[in-house]
Number of protein chains: 2
Amino acid sequence: MPELRQNPATKEWVIIATERAKRPEDFCRSNNLPPLPEHDPGCPFCEGNESTTPPEILAYRNFGTCPNTPGWWIRIVPNKFAALVPEGNLRRIKSEEFFRYMDGVGEHEVLIEDPKHNATFHNMNQKQIEEIFLAYRERYLALREDPRYEMIIIFKNHGFNAGTSLIHTHSQLVATPVTPSHIRHRLEEAMRYFDDNGECVYCVEAKKEQKVQERIVFETDNFLSFIPFAASSPFEIMVLPKEHVSSFESSPAGKIKELAYVMKQVMMRIHVGLTHPDYNYMIFSSPCHEKDVEYYHWHLKIVPRVASVAGFEMGSGIYINTVIPEKAAQFLRNVKF
Amino acid sequence: MPELRQNPATKEWVIIATERAKRPEDFCRSNNLPPLPEHDPGCPFCEGNESTTPPEILAYRNFGTCPNTPGWWIRIVPNKFAALVPEGNLRRIKSEEFFRYMDGVGEHEVLIEDPKHNATFHNMNQKQIEEIFLAYRERYLALREDPRYEMIIIFKNHGFNAGTSLIHTHSQLVATPVTPSHIRHRLEEAMRYFDDNGECVYCVEAKKEQKVQERIVFETDNFLSFIPFAASSPFEIMVLPKEHVSSFESSPAGKIKELAYVMKQVMMRIHVGLTHPDYNYMIFSSPCHEKDVEYYHWHLKIVPRVASVAGFEMGSGIYINTVIPEKAAQFLRNVKF
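Figured I'd write up the structure that's included with this text. (Residues numbered from 1 in each chain as written. Chains lettered and ligands numbered in written order. Predicted model: local features only at pLDDT ≥ 70, side-chain atom pairs only at ≥ 80, totals over all residues.)

## What about the relation of the copies chain A and chain B?
Next, step 1: Overlaying chain A with chain B gives an RMSD of 0.0 Å, the required rotation being 180 degrees about an axis along which the chain moves by 0.0 Å. Those values place the two copies in the arrangement expected of a two-fold rotation axis. Residue A:His185 of chain A places its C-alpha closer to the rotation axis than any other residue of that unit, at 4.1 Å. (Least-squares fit on C-alpha atoms with pLDDT ≥ 70 in both.)

Structural data, given as structure tokens:
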């Protein structure tokens, strides 16, 4: 019997499709890609090719080395093919008194996570992951100061099925001058829960998941990673701080260090357990002008791209998940590496 | 300069990314798939293999032929791997006083659009397309009578990138016992527009598009097909009746005939212009229990799968469209076939 489950935070329903249920092992890929070289002369993100990207915004580099030269271990540059640009007018305009538009004002940055072409997030040492998250935070805090921006979205696309066009490991930051309606709906649902119950819905979700235990993938003192009760796709993972905090960028350095440890543990389980799938991760943080709110709770979502979206999902917004979340979590908990 | 555009009906923002802009021609596929045989002995949807599907619910077949035997030109059967099943309890249950779920009650039907294995929607004659839409309507009207169902979603997945697993041309109908939050948000926005302006937002959209003209792909007396002002992906097309009508299944036979003509014209343009891309289409109709409402307007959306969804879209809900809608429409208008 299939089951309909509702995400308690977003109110979205998903179908847990038992009739089409697959075993976690069915998602393993058999095709092994050829190994990458440590350096690719044609790759703009490789060390030595710094002149082929726009000038760097920030780099963590060896003392005494010059900007836009080798010697860095993390490097942030403007996206050469930016979706939004940091100039233009913020005014909303209506044509025909109906169609609303505005200049595409914003920021679009690329964070190159490693100088080596063959580095991968899951093979990095924990210290490097920690510095990636510290760099996210540093850019987040800087971009938040610009009053034009409403939202900052940090995300990573790994692999062609996850929408990346450059294979060299990187993530991206985009600042937008609008709050997307998708995010607004999440905020409203969280606000409604808070108004009804006097508690943050994500805080309650974390407590309930700790009580039930069966969907937890990995847990530390301050962080919980689990497959949500109403996960919209197989092996989708939520990582969130146990303590209430609405914005990612408020996390102190100690917490970032612990987050890096959790990310390493979780990504290794995905990589080994599902044999290096493509994936995305996204950080959901409160909007720039609502940074300390009682009702919202920052979190990170990891989505291995093992399922595809078809007409039903596009027409209804209901996702069909073919792996029972409890089984997916058990599978990932048991991965050895 | 990129542009942010807001969908007037859903309030979703999209980025029209001029820095990454592509020419419509860039989306043409070069790989020609080998032609399919007219009959595949292993295909459950081929004529002669009727016994390999669950028993038919409805078929348009030659006079005197028996159910579940050859002689049909359209055939509807239950999905063998149904996402929802027509039994179970409608009661919403909460576990841990927090996680809401219910039995996966619903219907999941497959409409086999042609007995021939190598038939394709765009190559069918218009009469066959008309009968497909008449069959949608017939099943829609039947399913709507079941008080358990809140929404009926009709959709088609064409090609592996569009999420299909069986190549034989077919579409699907799903009846759900809940109104998805994605649909609820659309209804609420449409309601808000109606309350403010006393007009259906889709009626106004159609009128404005007719006035501006530049995004229209194909138009008849009663139907308009156009690339929306804030299309979320390249070549996404809206087809809607010009006259206000909230539910698809209320369309009289004459309108269905005209709709079939529009679909044939539009699908040929997509097929020839973009060299047979994979695509989805979905019918958005009002919920079963709100079938005649002033504020909602049924429409059909066609999405050629030429772009992929990555972390930014998943994190923000903002889509990046790399083809300017006016240029996409001009390109499709000019396709010769």
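## A look at the interface of chain A and chain B
Next, step 1: On the side of chain B, 66 residues touch chain A, which itself brings 66 residues to the contact.
Next, step 2: For the side of chain A that touches chain B, a count of residues per class yields 37 nonpolar, 17 polar and 12 charged.
Next, step 3: Alignment of strand 6 (residues 99-103) of chain A against strand 1 (residues 3-6) of chain B, held across three bridges, turns out to be antiparallel. The partner of A:Asp103 across the bridge, within strand 1 of chain B, is B:Glu3. (Contact = placed C-beta atoms within 7 Å. Nonpolar A, V, L, I, M, F, W, Y, C, P; charged D, E, K, R; others polar. Pairing = 2+ DSSP bridges. Helix = DSSP H or I, 4+ residues; strand = E, 2+ residues; numbered from the N terminus.)

## Overview of the pairing of strand 8 (residues 151-158) of chain B
Within a regular strand, the side chains alternate between the two sheet faces.
Residues and elements named next belong to chain B.
Next, step 1: Within strand 8, eight of the eight residues are buried, which leaves the element mostly enclosed by the surrounding structure.
Next, step 2: Here strand 8 shows a buried face lined by Met151, Ile153, Phe155 and Asn157 and a second buried face lined by Ile152, Ile154, Lys156 and His158.
Next, step 3: Sheet topology note: the strand 8/strand 13 (residues 279-284) ladder contains five bridges and is antiparallel. Within the sheet, the bridge partner assigned to histidine 158 lies in strand 13 and is tyrosine 279. (Buried ≥ 20, exposed ≤ 12 C-beta atoms within 10 Å, placed from the backbone.)

## Observations regarding the sheet that holds strand 1 of chain B
Next, step 1: If you walk across this open sheet you meet the five strands as 5(A)-6(A)-1(B)-2(B)-15(B), and the pairing is mixed. In the strand order of this sheet, the two ends are held by strand 5 (93-95) of chain A together with strand 15 (319-321) of chain B, each with one partner. Each strand of the sheet is rotated relative to its neighbour by a mean of 30 degrees, with strand direction disregarded.
Next, step 2: Looking at chain direction, strand 5 of chain A and strand 6 of chain A are connected through three bridges and run antiparallel. From the neighbouring strand, A:Ser95 faces strand 6 of chain A, where its bridge partner is A:Phe99. (Axes fitted to C-alpha atoms, helices over the stretch in contact; angles between N-to-C directions.)

## Side note on unusual backbone geometry
Next, step 1: In this model, A:Asn68 sits at a positive phi of 60 degrees, which is unusual for a non-glycine residue.
Next, step 2: Position of A:Asn68 among the secondary structure elements: in the loop between strand 3 (58-61) and strand 4 (72-78).
Next, step 3: When the 15 C-beta atoms within 10 Å are taken as the criterion, A:Asn68 is described as partly exposed.
Next, step 4: Of note in the backbone geometry, B:Phe235 takes a positive phi value of approximately 70 degrees without being a glycine.
Next, step 5: As for its position among the elements, B:Phe235 is in the loop between strand 11 (223-226) and strand 12 (237-241).

## Quick word on the sheet that holds strand 1 (residues 3-6) of chain A
Backbone hydrogen bonds hold the strands of a sheet together, and the pairing may be parallel or antiparallel.
Next, step 1: With respect to topology, five strands assemble into an open sheet ordered 15(A)-2(A)-1(A)-6(B)-5(B), the strand pairing being mixed. Looking at which strands have only one partner, the edges of the open sheet turn out to be strand 15 (319-321) of chain A together with strand 5 (93-95) of chain B. The sheet shows a mean angle of 30 degrees between the axes of neighbouring strands, taken without regard to direction.
Next, step 2: Bridge count between strand 2 (residues 13-16) of chain A and strand 15 of chain A: three bridges; the pairing is parallel. For A:Val14, the partnering residue across the bridge sits in strand 15 of chain A and is A:Tyr319.

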